Amino acid sequence: MLFEKPLIRLLHGVHLVARPVTLGVRAAIFDPDGRIFLVRHTYVSGWYMPGGGVEPGETAIEALTREVFEEGNIELDAPPALFSVFFNRNASNRDHVLLYRCGAFSQAVDKKPDAEIAETGFFAPDALPPGTTDATHRRLAELRGEAETDHYW
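Reading the values: the criteria
- Position labels on residues start from 1 in each chain and follow its written sequence.
- Two thresholds apply to this predicted model, a pLDDT of at least 70 for residue-level local features and 80 or more for giving and counting side-chain atom pairs, whereas whole-chain, interface and lining totals are computed over all residues.
- Hydrogens and water are ignored here; the side-chain numbers use all heavy atoms of the structure.
- One requirement defines pairing of two strands: DSSP has to find at least two bridges between them.
- Each helix corresponds to a stretch of at least 4 residues labelled H or I by DSSP, and each strand to a stretch of at least 2 residues labelled E; elements are numbered beginning at the N terminus.
- Two residues qualify as a contact provided that any one of their heavy atoms is within 4.5 Å of a heavy atom in the partner residue.
- Interaxial angle, 0 to 180 degrees, is taken between N-to-C directions of lines fitted to C-alpha atoms, where a helix line uses only the stretch in contact.
- Pairing of aromatic rings covers Phe, Tyr and Trp, the last through its six-membered ring, and needs centres within 6.5 Å; plane angles under 30 degrees mean stacked, over 60 mean edge-to-face, and all others mean tilted.
- Any residue under 20% of the maximum accessible area for its type is buried, any over 50% is exposed, and the rest in between are partly exposed; the area is computed with a 1.4 Å probe on protein chains only.
- By definition, being over a ring means that NZ of Lys or CZ of Arg is both within 6 Å of the ring centre and within 35 degrees of the ring normal.
- Multiplying 1.5 Å by the helix residue count minus one yields the expected span of that helix.
- When we speak of the arc, we mean the arc of directions from the helix axis to the C-beta atoms.

Student: For this particular structure, what's the right way to read the sheet that holds strand β9 (residues 117–123)?
Tutor: What holds strands together in a sheet is hydrogen bonding between their backbones, with the strands either parallel or antiparallel. If you trace the three strands from one edge of the open sheet to the other, you get β3-β2-β9, paired in antiparallel fashion. If you trace the sheet from one side to the other, it starts and ends with β3 (47–48) and β9, each paired once. Looking at chain direction, strand β2 (residues 36–41) and β9 are connected through six bridges and run antiparallel. Looking across to β9, one finds that I36 is bridged to F123. Packed on one face of the sheet, helix α2 (residues 60–72) meets β2 and β9 and runs near 70 degrees to β2.

Student: I keep staring at the packing of aromatic side chains and nothing clicks. Help me out?
Tutor: For any pair of aromatic rings, geometry is given as the distance between the ring centres together with the angle between the planes. Scanning the model with the defined rule gives five aromatic pairs in all. A centroid spacing of 5.2 Å and a plane angle of 80 degrees characterise the contact between F86 and W153, whose relative ring orientation is edge-to-face. A residue pair is termed long-range when its members are at least 10 positions apart, and F86 in strand β6 (residues 81–87) and W153 in the segment after α3 (134–143) qualify at 67 residues. Exposure class is identical for F86 and W153. Each is buried. Here the basic side chain of R89 rests over the ring of Y152, its NZ or CZ set 4.1 Å away from the ring centre. Over the ring of W153 we find R139; its NZ or CZ atom is 5.0 Å from the centre of that ring.

Student: Any chance you could explain α2 here in plain terms?
Tutor: In an α-helix, one full turn covers 3.6 residues, which means residues spaced three or four apart are oriented alike. The end-to-end C-alpha distance of α2 is 18 Å, a good match for the 18 Å that 13 residues give at a rise of 1.5 Å each. A60, A63, L64, E67, V68, E71 and G72 are the residues of α2 that are buried. Buried positions in α2, seen along its axis, are confined to an arc of 125 degrees and lie on one side of it. Buried residues along α2 sit in contact with β1 (22–29), β2, β4 (51–53), β5 (75–76), β7 (95–102) and β9. One or two positions beyond α2, positive phi appears at N73, with a value near 55 degrees.

Student: Sorry, what's going on with the pairing of β1 here?
Tutor: Of all eight residues in β1, six are buried; the element is thus mostly enclosed. Pairing between β1 and β7: eight bridges, direction parallel. Paired with V25 across the bridge in β7 is L98. Pairing of β1 with β4, which is carried by three bridges, proceeds in the antiparallel orientation. When the sheet's bridge partners are listed, G24 is paired in β4 with G53.

Take a look at the structure:
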């Protein structure tokens, strides 16, 4: 049918405007000593695993790769593994976060503070910095197998 494809695209566009879903990614990056890489942003309090939103036209892996480089000067040397999908009801009633466990990586130089990132670092799981978010604590316990995965961020 001549109008079928344009009609489907129009309806899909209306659906996206009426019921937008947001998607984010976070990276669990551990160094060879078992320390987790965390970032502290300039615009929100707390320490987090690096990550951010998936942009239009970008895959989740592309977003993850971009975010860990922007936030930590980290290049992933191996494909990350999806750990779990979480519903982030704190952000909106339509937000989901994909948490990836990252393997081999390289970091040529430490990340210097900038307009977005105040501090970064690798921290032992039993010596996380003050202000590490509750969600980060929960995700780390899940990654270690010490807690059942709660699908709410």
